Amino acid sequence: MRGERSRPERGRRGWLRGGAPPPGWVRVLPAALLVAVCAATLISPDPLDIGFLLGAIPPLAVLSYGPLATAVLGGLVLAVLNIPAFHLNDPGSTDVLTVGFVAALSVFVSFVRSRRDAQLLTERAVAEAAQLAVMPPLPPRVGSVRCAGLYRAAQRGTLVGGDFFDVRQGPFGVRAVMGDVQGHGLSAVATVASLLGAFREAVLDQPDPESVAARLDRRLLLDSAQTPDSELFATAVLLEFAADARAVRIVACGQSGPLLLRRGRLVEIELAPQPPLGLGLPDGGPPAGLTVPLESGDLLFLASDGVTEARDAAGAFYPLTDRLAGFAAEDPAALAHQVWTDVLRHGRTLQDDVTMLVLMPGTAGP
């Protein structure tokens, strides 16, 4: 459900920031104001000194119309000012020239805005293509594991950030990763792409998740060495599901492990703390993992710091462990959306990227 990554971003884009169409009332406003002024002057038995309102129509048209439509509205304004029936035919030459100048300037501004919007749409299309190339949508099932991912960026307009996740099937089983690289926004995209590329390669030839973690650590060390005075690191959790889906092996590097939901209650998983990726392996060996037995219907929930560190108005953190068991856990996608809605209700605004990965092992699909 990684497609959910881009749709909310489109909904969150304000039309004043560009990249989104204006609301309907903005498009109707210039014509409505013109009709209202004309109707008021025709109905009133006495002349109304409201011709100045017509001068606002061309600038309003700039917000939602192209240069041609703006020019037409500007021409209508000048025509109405000089039609005797509207009792607005007594403007001074200075007033007419002022309105004409405003209309001409509005046409030019509309032309510039149209070119800018076209460029923004092109750049956003390129950004969305880059997003799909780095993190393509998760399928609803990978091998014997049902999965759902959710990503919401704290930085408005950002499509790819420092959080990442992926689920892949290889010769050693189904493996998943979720992590957070150093930095936020676009500055972290290159590191995310490098890590995900290393993970996808390691899924194919590394015998266990510990070796996959070692490969990711080496990737970050090499990338950091190529950039002077930089130290790249990332926190991550790696999982490997047994072929019969009755066990999962977990390796956590600088990050807490998944929460296990079993029959409506949380089961604590105690993992040995391991250093983040990119700082070098301790004693030259891979991080230690833990094998956890699974039962039918078990569900593993992974969340980034953006979930657990979301604060309400009083500064209280979001109580994920207290809330999670109360949600329906029959469908991974539904659970991710329930938690997201609850996080928004708790915090209203995001201080960090929110990322969730929900995994439900079971029988292999068709």
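Residues numbered from 1 in each chain as written. Predicted model: local features only at pLDDT ≥ 70, side-chain atom pairs only at ≥ 80, totals over all residues. Heavy atoms only, no water.

Quick notes on the pairing of strand β5 (residues 234–241)
Part 1 of the reasoning: Buried residues dominate β5, accounting for eight of its eight residues.
Part 2 of the reasoning: Of the two faces of β5, both are covered, the one formed by A234, A236, L238 and E240 as well as the one formed by T235, V237, L239 and F241.
Part 3 of the reasoning: Note: β5 against strand β6 (residues 247–253), six bridges, orientation antiparallel. When the bridges of β6 are listed, V237 appears paired with A252.
Part 4 of the reasoning: Taking the residues between adjacent antiparallel strands as the criterion, β5 and β6 are bridged by five residues, where A245 takes a positive phi near 60 degrees. (Buried < 20%, exposed > 50% of the residue type's maximum accessible area, 1.4 Å probe, protein only. Helix = DSSP H or I, 4+ residues; strand = E, 2+ residues; numbered from the N terminus. Pairing = 2+ DSSP bridges.)

Re the pairing of β6
Part 1 of the reasoning: Across the seven residues of β6, six count as buried, placing the element largely inside the fold.
Part 2 of the reasoning: Where β6 and strand β9 (residues 290–293) come together, four bridges link them in antiparallel fashion. Bridging across to β9, R249 finds its partner in T291.

What about empty space enclosed by the protein?
Part 1 of the reasoning: Taken as a whole and assessed by the stated rule, the structure comprises one cavity of 30 Å³ or more.
Part 2 of the reasoning: What the largest cavity holds in volume is close to 50 Å³.
Part 3 of the reasoning: In terms of lining residues, the largest cavity is bounded by 10 residues, among which D217, P275, P276, L277 and L281 are the most central.
Part 4 of the reasoning: Among the residues making up the lining of the largest cavity, the classes are represented as eight nonpolar, one polar and one charged. (1 Å grid on protein atoms, 1.4 Å probe; cavity = no way out; pocket = protein on both sides within 12 Å on 5 of 7 lines; lining within 4 Å. Points joined across faces, edges and corners; volume = space filled by probe spheres on them. Nonpolar A, V, L, I, M, F, W, Y, C, P; charged D, E, K, R; others polar.)

Looking at the sheet that holds strand β1 (residues 141–142)
Part 1 of the reasoning: With respect to topology, six strands assemble into an open sheet ordered β1-β2-β11-β10-β7-β8, the strand pairing being antiparallel. The outermost strands of the open sheet, each flanked by one partner alone, are β1 and β8 (265–267).
Part 2 of the reasoning: Across eight bridges, the pairing between strand β2 (residues 145–152) and strand β11 (residues 354–361) is antiparallel. In the sheet register, V145 faces β11, and the bridge partner there is P361.
Part 3 of the reasoning: Along the sheet, helix α10 (residues 332–347) contacts β2, β7 (259–262), β10 (299–303) and β11; its crossing angle with β2, the most-contacted strand, is approximately 25 degrees. (Contact = heavy atoms within 4.5 Å. Axes fitted to C-alpha atoms, helices over the stretch in contact; angles between N-to-C directions.)

Things to note about the packing of helix α6 (residues 189–205) against helix α7 (residues 209–225)
Part 1 of the reasoning: At a minimum axis distance of 9 Å, the contact between α6 and α7 shows a crossing angle of 145 degrees. Considering the relative orientation of α6 and α7, their crossing is right-handed. Judged by residue contacts, T191, S194, L195, A198, F199, E201, A202 and D205 of α6 engage V212, R215, L216, R219, L220 and D223 from α7. (Left-handed = near helix turned anticlockwise from the far one by under 90°.)

Concerning the environment of V107
Part 1 of the reasoning: Within the secondary structure, V107 sits in helix α5 (residues 93–134).
Part 2 of the reasoning: Residues V107 and P67 lie 40 residues apart in sequence; the distance between their C-alpha atoms is 4.8 Å.
Part 3 of the reasoning: Those residues in contact with V107, other than ones at most four positions away along the chain, are P67, T70 and A71.

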